[in-house]
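So the chains spell out like this:
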Amino acid sequence: MKQPTGQTARLTALRVFVQKSAFVALAGLAFAFMLLGKADTVLVERVRATVIDAAAPVLDFMSTPAENVAAIFANLRQLTSIRAENDRLATENDRLMRWQAAARHLEAENEALRGLLTYVPEPQASYVTARVVADTGGTFARSLVVLAGTTHGVNKGQAVISGEGLAGTVAEAGQRSSRVLLLTDINSRIPVLLEDSRVRAILAGDNQDRPQLRFLRDRIAVKPGDRVVTSGDARIFPPGIPIGVVASVDEKKGIRVDLFVEQDRLEVVRIANFGIPNPLSEGAD
């Protein structure tokens, strides 16, 4: 093994000395700056301001590329999101176009059938918007009071609807207010139709949240999820007003309907005049 020469040993000792001296010098310089900062804060602030002024252009020059790179990555992320949204909208547009084509076909077919039958169009419905001011009990266990009466064109027996569907009927009409009998009231009876099976029935309230379907001709055809709409029988309402869906079919509890309208949250309703001569209003006159 080769032994280190005297010159190599001196160089190693010199390197160690320089390292220790540099550490001591830096520590002393830091201590000196601390003392200077305590002794003359104005001078330190000026030096700091000078350093910042000198470094600001460099930092600004270096920050511009960084901002550009960040903007590029942000644009790439946004482009990916836009492409995904564009694909979703394209798929939805195709689906809507198919529905539009089917609707136009059915509309043309409907017009042709009406022409063959010499169809007489139904009169346009008119509406009165009224605010609900009270939820009353008593004789009508499930009823509301609304601020609209005969002076506004409201009559007994007219349909009371909301955005979701049928809520009830006008039971009493005063000059400026009316009492609305809700579908859940024990006195409520509405002729209805199941859309899919075309089974007719009577929607009967019993003061529960879900009224019953009664007097069905074919109970076997009824299943949960069937949509229930007005049938147009008895010339009370026109056919097709949404009411709800069949919630349960039980031999003991009967067939219950989950209503579209949340009757305990009604604040504003529309009272509809479909232009049908109503026997209830005629009897009241």
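Residues numbered from 1 in each chain as written. Predicted model: local features only at pLDDT ≥ 70, side-chain atom pairs only at ≥ 80, totals over all residues. Heavy atoms only, no water.

Chemist: Can you help me understand the overall build of the chain in this one?
Modeler: Check the secondary structure of the chain and you find three helices and 12 strands. Expressed as a percentage of its 285 residues, the buried residues of the chain come to 26%. Residue pairs in contact within the chain that sit at least 24 positions apart in sequence constitute 54% of those at least 6 positions apart. Surface exposure of the chain reaches about 19800 Å², of which carbon and sulfur atoms provide 58%. (Helix = DSSP H or I, 4+ residues; strand = E, 2+ residues; numbered from the N terminus. Buried < 20%, exposed > 50% of the residue type's maximum accessible area, 1.4 Å probe, protein only. Contact = heavy atoms within 4.5 Å. Areas by Shrake-Rupley, 256 points an atom, 1.4 Å probe, with all protein chains shown as cover.)

Chemist: Would you mind showing me how to read the environment of Asp233 here?
Modeler: Examined against the element boundaries, Asp233 turns out to sit in the loop between strand S9 (227-230) and strand S10 (242-250). Separated by 40 residues in the primary sequence, Asp233 and Leu193 have C-alpha atoms spaced 9.4 Å apart. Non-local contacts of Asp233, meaning those with residues more than four positions away in its chain, are made with Pro191 and Arg200. At a separation of 3.2 Å, a polar atom in the side chain of Asp233 contacts the side chain of Arg200. (Polar contact = N/O pair within 3.5 Å; in protein donor to acceptor, adjacent residues only side chain to side chain.)

Chemist: So what exactly am I meant to see when it comes to the side chain of Gln158 here?
Modeler: Position of Gln158 relative to the elements: it lies in the loop between strand S2 (143-146) and strand S3 (159-161). With relative accessibility at 9%, the residue Gln158 sits in the buried group. A distance of 3.2 Å separates a polar side-chain atom of Gln158 from the backbone nitrogen of Asn155.

Chemist: Even after reading the chapter, I still don't get the packing of aromatic side chains, so can you show me in this structure?
Modeler: Geometry of an aromatic ring pair is reported as the spacing of the ring centres plus the angle between the planes. This structure, assessed with the given rule, holds zero aromatic pairs. Sitting above the plane of the Tyr127 ring, Arg270 keeps its charged end 4.1 Å from the centroid. (Phe/Tyr/Trp six-rings, centres within 6.5 Å; stacked < 30°, edge-to-face > 60°. Lys NZ or Arg CZ within 6 Å of the ring centre and 35° of its normal.)

Chemist: What is the right way to look at the environment of Ala234 in this model?
Modeler: Note that Ala234 resides in the loop between S9 and S10. You can call Ala234 exposed: its relative accessible area is 53%. Between the C-alpha atom of Ala234 and that of Ile190, which follows or precedes it by 44 residues, the distance is 9.3 Å.

Chemist: Teacher, can you tell me more about unusual backbone geometry here?
Modeler: The phi dihedral of Asn207 falls on the positive side, at around 65°, and the residue is not glycine. Turning to its location among the elements, Asn207 is positioned in the loop between strand S7 (200-204) and strand S8 (212-214). Judged by its relative accessible area of 28%, Asn207 is partly exposed. A positive phi angle, near 60°, is found at Phe215, a position not held by glycine.

Chemist: It is not clear to me how the sheet that holds S8 should be interpreted in this structure. Could you clarify?
Modeler: Backbone-to-backbone hydrogen bonds join strands into a sheet, with any given pair of strands oriented parallel or antiparallel. Pairing in this closed barrel of six strands is antiparallel, and the strands run S6-S7-S8-S11-S10-S9 around the ring. When strand polarity is set aside, the average angle formed by the axes of neighbouring strands in this sheet is 45°. Bridge analysis of S10 against strand S11 (residues 254-259) gives six bridges, and the strand direction is antiparallel. Within S11, the residue paired with Val246 across the bridge is Val257. (Pairing = 2+ DSSP bridges. Axes fitted to C-alpha atoms, helices over the stretch in contact; angles between N-to-C directions.)

Chemist: Would you explain the pattern of salt bridges in this entry?
Modeler: Side chains that differ in charge, positive against negative, can pair when their charged atoms come close. Following the criterion strictly, the structure yields nine salt bridges and no others. Salt bridges sharing common partners tie together Glu85, Arg88 and Glu92. (Salt bridge = Lys/Arg side-chain N within 4 Å of Asp/Glu carboxyl O.)

Distances and angles like these do not, on their own, reveal function.
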